Amino acid sequence: MSRTCVTKMFVIMLWLFIVCFVQPSTSEIRYTETRQSFYQIAGIFENNTLTQRLAFNESIRYANLGKAELQSMSDAQGGKVKDLRLEPVIFRPGRSDSYSIWKDLCSNTTMQPIAIFGPQNSVTDNIIRDQCYVSNIPHIQANLQLADPDMELNPVEATDEESSEDQGLKFKKISINFYPPAEDILYAYAMLLKYYKWKNFAVLYEDDLGLLRIQKILSEYTEDYPLTIRRLDPNADNHNIFKDLKKFNEYRVIIDCDVDRVVQYLTEAREVNMVNHYEHYILITMDASVVAEELRQFQSNITWLSITEYDKLQNSQHFLTPRVGRWTSETSVVYPPVTDIKTSALLMDDIANHVLKALQKVEMVESIENRTMSDICGPESEPWEFGALLQDEILKTKTTGVTGNIEFNELGQRVNYTLYVNEIYVSTLDTIGTWDSTARGEIIEDRPESENYDKKKNVKHFYIISKKAKPYFYDKIKCAEDDPDCVEEKADENYEGFSVDLVKEIFDTLRKHNFNFTYSFLPKTYTDYGKYRPEEKKWDGLIGDLLDKSADLAVCDLTITEERKKVVDFSVPFMSLGISILYIKEKEVEPAMFSFLNPYTFDVWIHTATAFCVVSIILFVCSRISPADWENPQPCDKDPEELENIWNFKNCTWLAMGSIMCQGCDILPKAIGTRWVCSMWWFFAVIVCQTYIAQLSASMTEALENEPITKVEDLSTQTKVLYGAIDGGSTLGFFKNSKDKMFNKMYENMVQNSAVLVKTNKEGVKRVIKGNGKYAFFMESTSIEYELKRNCDLKKVGEELDSKDYGIAMPANSPFRKYINRAILELKEFMVLDKIKRKWWEEKNVIQPCEVEEDKNDVEGDLEMKNLKGAFVVLIVGLAISMVITAFEFMNEVRNIVVREQVSHKEVFIKELKSSLNFFQLQKPVIRNPSRAPSVASSGSEKKNNRNNAIENLLEFEKVQQ
């Protein structure tokens with residue numbers, strides 16, 4: 001029995017039921033007559049398209065417009081409408097060439113197709129399209145195809161032909177492709193690269209068409225960024241390709257391949273540690289949803305575009321769920337999720353419904369008559385008269401299907417649709433944005449805003465590495481059981497320090513925001529922060545392990561530099577600092593008591609004293625021999641009986657002493673020989689005195705010369721003090737990359753003398769201490785601050801040379817960077833970072849605060865009492881000796897008076913002492929013995945007479961001269 005008879009019988013029975021059992025009412029019951037008509041659609045499928053073929057077969061048979069739509073059409077037609085149905089005709093050609101396909105298609109003389117679908121081969125597809133154009137049978141496609149240059153001329157032809165109204169509709173030489181145009185999809189992928197702001201990335205493809213697609217994407221995106229391009233071999237081992245990407249630090253990769261081989265390539269990448277949280281792959285395929293669940297198992301970041309919404313397809317209530325079971329196997333019925341079906345198969349349902357609706361509209365205008373293939377392929381065949389009308393209606397009809405809005409332009413290309421951005425973030429799959437083909441703009445971000453969105457991504461264990469250095473990270477100090485004052489750190493079981501507390505606070509903060517992140521420190525010792533080794537073409541140290549994905553975070557005193565930022569990501573800074581100079585304080589040496597003797601060595605002093613004695617003796621001898629130094633004691637006596645010489649040895653030594661002391665003397669020699677002796681001694685005295693004064697001045701200010709380093713300029717202009725930094729550290733890099741010539745020169749000096757470079761700050765501090773003023777160390781200001789709190793012999797010299805920051809390093813493209821940044825900013829806001837720093841800089845392990853003594857009256861270059869106390873000692877001792885000599889002279893005079901005057905010692909001592917100490921008298925009486933007075937008087941008168949005679953002789957001499 002035909003389906004038409006069954007339908008009529010069902011309608012008659014329904015009418016009898018209504019008449020017999022339904023109560024009459026005032027409402028009008030309207031009878032609609034429907035008649036079923038079947039039209040064939042031919043589908044050409046090759047051997048490797050099982051799912052698409054079964055989907056085509058089931059969708060064409062299942063397609064119907066529904067009662068509501070038929071009712072609306074019947075109302076428009078006055079109650080009579082045909083219930084059109086489609087019937088699939090599957091054609092599986094034995095050969096793949098286009099001629100054989102069309103020849104075999106024409107051999108089926110009973111087939112009456114109103115449209116032909118396929119094949120999927122782009123070469124044979126064009127031939128079928130040309131044959132359909134000749135026969136005026138609409139050609140339908142559903143695959144990704146690049147633009148056909150032959151089709152670009154059709155709009156012009158259509159416009160010229162449609163301008164003539166009397167000619168009616170003309171059939172277009174086009175294929176109506178339900179798959180979005182390749183140009184639009186590739187442009188959308190270019191916008192996806194722009195959305196992610198990719199600059200350096202790698203491209204992998206497996207065939208020439210893939211390379212053409214990649215070129216199209218890059219032409220739309222940019223040509224400025226460097227690329228690494230490799231070709232994948234589906235039938236060979238591709239491990240070396242991914243090893244090269246790892247070697248080149250390529251963490252962003254575009255893969256253009258068949259969806260069936262995506263898992264294969266990612267598995268190979270995972271085997272060389274190129275698939276984890278830090279890599280990001282963009283798949284140039286619209287069918288990646290088919291393997292989405294497998295992709296989630298890679299725990300990486302994977303993105304692709306699709307024309308279907310993954311969440312809707314995943315819904316168990318989706319209308320295709322009970323049907324797709326017949327799409328996967330011809331022998332058994334299984335019910336896979338709709339997400340396991342490729343887009344080309346899902347489009348079969350859209351094709352069936354869209355063509356059926358267009359056909360229904362054509363049928364409402366005029367009745368369609370089918371033609372057999374013998375009529376189409378015959379030698380005298382004519383084009384199908386309804387072909388142009390059906391083709392035009394398919395282009396004009398708008399429907400909504402599995403792939404969204406279905407609408408076409410005049411070229412048969414799909415328009416006004418939406419592509420969805422699907423992203424696997426670690427293990428969570430979400431639709432994060434869309435791309436609108438009409439606007440043809442950028443990706444519109446539309447991430448889920450539910451509270452559970454981030455919670456699904458918060459399971460992760462972090463492996464943290466650090467470089468041991470106080471106070472940032474070092475082995476935990478265990479407290480003794482009998483030490484009640486010891487407080488043991490609890491942040492970690494094995495380590496303690498600023499970095500340990502910082503990590504604990506960061507992860508505690510993230511837990512408050514429902515991130516269940518855990519962490520542990522790797523027990524590995526690092527000697528370098530990390531530097532690039534050109535000979536090995538790789539990084540070592542902390543940076544090297546991050547690049548190898550051996551760790552997730554590096555937390556220590558790691559400086560953020562441009563060179564490091566090129567290979568790893570950094571968090572926001574958690575500490576700001578600058579480069580400064582660590583130097584040892586000059587130990588103030590107490591000057592010796594007789595430091596004024598330092599200008600000359602002991603030998604010089606001995607030779608000077610010897611010269612003094614020799615000169616005194618020679619002067620004494622010369623003055624005794626030289627006649628000019630013998631003088632007349634009585635100038636008035638022209639013929640004296642005796643001559644007087646004042647140059648006794650005492651006077652000679654006094655003249656020599658006065659000369660060398662630059663004080664002079666009141667008596668001077670008259671003879672040429674003695675004057676020559678004095679001249680030579682004075683010349684010697686000038687040299688000795690001036691050099692002594694100069695050397696004394698230098699020795700008195702020696703403390704100032706021991707402190708030549710007050711700023712970096714002083715360090716660069718001298719050679720006495722060596723200076724260095726950590727080898728391979730950011731401090732040394734500052735001098736290397738600086739544009740300042742002085743810093744460049746200092747870098748060259750350090751590199752040429754590699755002995756000044758150290759491995760750690762601790763080693764540098766030890767060298768400064770042991771160098772005792774001969775070594776200065778360039779160090780971060782925060783580390784210098786820490787050392788100054790614990791060693792009072794050290795000091796910071798000058799101002800900071802630059803400004804930089806410490807940050808937490810992580811592998812490039814880390815998906816956790818934004819969470820770490822959020823936690824650090826929150827800790828900064830609540831002053832937690834300052835609290836941690838204060839704890840480890842000022843409270844922990846501080847031995848004793850340094851006492852700073854400042855002399856407010858201190859002026860640069862002045863001399864204190866300690867510098868001149870030796871001179872004062874000499875003065876005091878000299879004064880004491882003079883007092884002893886004076887006392888000896890006084891007692892000798894007392895003795896002489898006692899002997900001469902024959903008086904007692906006591907009487908003479910008392911009288912002389914009273915007279916000498918009477919400071920208001922300038923004269924004192926001569927002590928006489930009363931019993932010896934006359935004789936003394938007579939002698940006095942005799943002297944007076946002699947004086948008078950001398951005066952008279954002088955007067956007579958003057959008269960004679962007149």
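Above this text is the structure in question.
Only a predicted model underlies this, so the values are computations on that prediction, with no experimental measurement involved.

**Concerning the overall build of the protein chain**
Counting secondary structure elements, the protein chain contains 33 helices and 30 strands. Within the protein chain, the fraction of its 962 residues that count as buried is 45%. The long-range fraction of contacts in the protein chain, counting pairs at least 24 apart against all pairs at least 6 apart in sequence, stands at 71%. Accessible surface for the protein chain amounts to roughly 52800 Å². Of this, 53% is attributable to carbon and sulfur atoms.

**Topic: the sheet that holds strand S9 (residues 280–283)**
What the eight strands build is an open sheet, ordered S7-S6-S8-S9-S10-S13-S14-S15; its pairing is mixed. Edge positions in the sheet fall to strand S7 (227–231) and strand S15 (444–445), since each of these pairs with one other strand and no more. One ladder, built from five bridges, connects strand S6 (residues 201–205) with S7; its direction is parallel. In the sheet register, Phe201 faces S7, and the bridge partner there is Leu227. Of the strands in this sheet, S6, S7 and strand S8 (252–256) are in contact with helix H8 (residues 208–221), which crosses S6 at around 150°.

**Looking at the pattern of salt bridges**
Going through the model one piece at a time under the given rule, you end up with 36 salt bridges. For the salt bridge of Lys194 with Glu442, the shortest nitrogen-to-oxygen distance reads 2.7 Å. Taken together, the residues span a long stretch of sequence, with Lys194 in helix H7 (residues 182–196) and Glu442 in the loop between strand S14 (428–436) and S15 at a distance of 248 residues. Overall, the relative accessible area of 48% leaves Glu442 in the partly exposed class.

**Comments concerning the sheet that holds strand S26 (residues 722–724)**
Across a sheet, strands are paired by hydrogen bonds formed along the backbone, either parallel or antiparallel in direction. The strand order across the open sheet built from four strands is S26-S27-S25-S28, with neighbouring strands paired in mixed fashion. Whereas interior strands pair on both sides, the edge strands pair on one side only; in this sheet they are S26 and strand S28 (794–797). For this sheet the average axis-to-axis angle between neighbouring strands, irrespective of direction, equals 30°. The sheet contact formed by S26 and strand S27 (residues 775–780) spans three bridges and is parallel. Opposite Leu722, over in S27, you have Tyr775 as the bridge partner. Sheet strands in contact with helix H26 (residues 741–752) are S26 and S27, and its direction is about 95° off that of S26.

**Thoughts on the pairing of strand S16 (residues 460–465)**
Across five bridges, S16 lies against strand S19 (residues 517–521) in parallel orientation. Following the sheet pairing, Ile464 is matched in S19 by Phe521. Where S16 and strand S22 (residues 553–554) come together, two bridges link them in parallel fashion. Looking at S22, one finds that Ile465 is bridged to Ala554.

**Looking at the packing of helix H17 (residues 498–512) against helix H30 (residues 832–843)**
Where H17 contacts H30, the axes come no closer than 10 Å and their chain directions differ by 155°. With respect to H30, the axis of H17 lies roughly antiparallel. The handedness of the crossing between H17 and H30 comes out as right-handed. For the pair formed by H17 and H30, the contact residues are Phe498, Asp501, Leu502 and Glu505 on the first element and Val832, Leu833, Ile836, Lys837, Lys839, Trp840 and Trp841 on the second.

**Focus: a nonpolar patch on the surface**
On the surface, Met891, Phe909, Ile910, Leu913 and Leu917 cluster together to form a nonpolar patch covering roughly 400 Å² of accessible area. Here the nonpolar patch takes four residues from helix H32 (residues 905–917), the largest share from any one element. Relative to the assigned elements, Ile910 resides in helix H32. Take Ile910: its relative accessible area is 34%, and that puts it in the partly exposed class.

**As for the packing of aromatic side chains**
Within this structure, the stated rule accounts for 41 aromatic pairs. Ring geometry for Phe178 versus Phe408: centroids 4.9 Å apart, planes at 75°, classification edge-to-face. In this pair, Phe178 is assigned in the loop between strand S5 (175–177) and H7 and Phe408 in the loop between strand S12 (404–406) and strand S13 (418–426), connecting sequence segments 230 residues apart. When sorted by exposure, Phe178 lands in the same class as Phe408, which is buried. Ring geometry for Tyr472 and Trp841: centres 5.5 Å apart, planes at 80°, overall edge-to-face. A residue pair is termed long-range when its members are at least 10 positions apart, and Tyr472 in the loop between S16 and strand S17 (474–475) and Trp841 in helix H30 qualify at 369 residues. Under the relative-accessibility criterion, Tyr472 is labelled buried at 0%.

**Focus on the pairing of strand S25 (residues 579–584)**
With respect to burial, S25 is a largely interior element, six of its six residues being buried. Both S25 and S27 contribute to a ladder of four bridges, which runs antiparallel. In the strand pairing of S27, Ser580 is matched with Met779. Pairing analysis gives four bridges linking S25 to S28, with the strands arranged antiparallel. Its bridge partner lying in S28, Ile584 is registered against Leu794.

**Some thoughts on a positive patch on the surface**
Taken together, Lys470, Lys762, Lys766 and Lys770 make up a surface patch of like positive charges. Looking at the secondary structure, you find Lys470 in the loop between S16 and S17. Owing to a relative accessible area of 47%, Lys470 belongs among the partly exposed residues under this scheme.

What counts as what
Residues numbered from 1 in each chain as written. Predicted model: local features only at pLDDT ≥ 70, side-chain atom pairs only at ≥ 80, totals over all residues. Heavy atoms only, no water. Helix = DSSP H or I, 4+ residues; strand = E, 2+ residues; numbered from the N terminus. Buried < 20%, exposed > 50% of the residue type's maximum accessible area, 1.4 Å probe, protein only. Contact = heavy atoms within 4.5 Å. Areas by Shrake-Rupley, 256 points an atom, 1.4 Å probe, with all protein chains shown as cover. Pairing = 2+ DSSP bridges. Axes fitted to C-alpha atoms, helices over the stretch in contact; angles between N-to-C directions. Salt bridge = Lys/Arg side-chain N within 4 Å of Asp/Glu carboxyl O. Parallel < 35°, antiparallel > 145°, perpendicular 65-115°, else oblique. Left-handed = near helix turned anticlockwise from the far one by under 90°. Patch = residues over 30% accessible without salt bridge, like charges linked within 9 Å, V, L, I, M, F, W, Y side chains within 5 Å. Phe/Tyr/Trp six-rings, centres within 6.5 Å; stacked < 30°, edge-to-face > 60°. Lys, Arg positive; Asp, Glu negative; His and termini not counted. Charge placed at Lys NZ, Arg CZ, Asp CG, Glu CD.

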